[in-house]
Amino acid sequence: MIAHIQGKLVEKTPTDVVIDCNGVGYHINISLHTYSLLPNTDFVKLFTHLIIKEDAHTLYGFMEKSEREIFKMLLLVSGIGAGIARTMLSSLEPKQIIQALASGDVATIQSIKGIGSKTAQRAILDLKDKVLKIYDLDEVSISQHNTNRDEALSALEVLGFVRKASEKIVDKVINENPNATVEAIIKQALKNL
């Protein structure tokens, strides 16, 4: 119904924004992924998805069309509502969700708060074929099999850091410097943990 909203960013929190569009303030729920992509300027454009229920009309906004499409795809799974879909997009990068669905990685999907093993398995069963049709996995593939990444994560775990928190930071370091050595990854991660 409402494909996108653009206007002045009036309020911004990690979970929602208010965009003033010609004098009307739209309250839009966002994921942490979208929050991290919001520009520093006052003007913003979000791709939206409107969910209409008996007691509420709720807008969800995304900086990228691809994130919105993943959100809509997740809503097709029985047991995954808008809240859990937004939590998934806040916990994992959209590419990680696609990769986990395509490869049948139940553990990654189950690691998201609010998702049990049955829901994770159902999500993979329902969406695996759709994901494989829509996305080229070579372009989606993240450095899952990067031995430097795995060694750095193991070292950080030995040092007492929680793996889930470490993964996000290590992935960020590797994205910024794909050829980083294990030592460089660990040093950079320790600065950010």
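It should be noted that the structure appears before, not after, this text.
Here is what the cut-offs are and how they apply
Residues numbered from 1 in each chain as written. Predicted model: local features only at pLDDT ≥ 70, side-chain atom pairs only at ≥ 80, totals over all residues. Heavy atoms only, no water. Pairing = 2+ DSSP bridges. Helix = DSSP H or I, 4+ residues; strand = E, 2+ residues; numbered from the N terminus. Axes fitted to C-alpha atoms, helices over the stretch in contact; angles between N-to-C directions. Core = buried A, V, L, I, M, F, W, Y, C linked by side-chain atoms within 4.5 Å. Buried < 20%, exposed > 50% of the residue type's maximum accessible area, 1.4 Å probe, protein only. Contact = heavy atoms within 4.5 Å. Polar contact = N/O pair within 3.5 Å; in protein donor to acceptor, adjacent residues only side chain to side chain. Salt bridge = Lys/Arg side-chain N within 4 Å of Asp/Glu carboxyl O.

A. Examining the sheet that holds strand β5 (residues 57–62) more closely. The strand order β1-β2-β3-β5-β4 describes a closed barrel built from five strands, whose pairing is mixed. Going from strand to strand, the sheet's axes swing by 55° on average, the running direction of each strand aside. Strand direction decides the pairing type here: strand β4 (residues 43–52) and β5, joined by six bridges, are antiparallel. In the sheet register, F47 faces β5, and the bridge partner there is F62.

B. A look at the nonpolar core. Counting 28 residues, the largest nonpolar core has F71, I80, M88, L101, I109 and V131 as the members making the most contacts within it. Among the secondary structure elements, those contributing two or more residues to this core are β5, α2 (65–75), α3 (82–91), α4 (94–103) and α6 (117–134). In this structure, A152, I174, A180 and I186 belong to the second largest nonpolar core, which totals twelve residues.

C. Fine view of the environment of S90. Summarising the element assignment, S90 is placed in helix α3. Spatially, the C-alpha atom of S90 lies 17 Å from that of A107, the residues being 17 residues apart in sequence. Discounting residues that sit within four places of it in the chain, S90 has contacts with S31, L32 and K168. At 3.0 Å, the side chain of S90 and the backbone nitrogen of L32 are in polar contact.

D. Main features of the pairing of strand β1 (residues 4–12). Two strands pair when backbone bridges link them, and β1 and β4 are joined in this way by five bridges, in the antiparallel orientation. Across the sheet, K8 pairs through a bridge with F43, a residue of β4. The pairing of β1 with strand β2 (residues 16–21) spans four bridges and is classified as antiparallel. Residue E11 lies in a different strand from β2, and its bridge partner there is V18.

E. The pattern of salt bridges, seen in detail. What the rule picks out here adds up to six salt bridges. The partner of R68 in a salt bridge is E69, and the shortest N-O contact between them spans 3.5 Å. Among the residues examined, R68 registers a relative accessible area of 10% and is labelled buried. Between R149 and D171 there is a salt bridge, and its shortest N-O distance comes to 2.6 Å. Here R149 is found in helix α8 (residues 147–158), whereas its partner D171 is found in helix α9 (residues 163–176), with 22 residues between them in sequence. An identical accessibility class is assigned to R149 and D171; each is buried.

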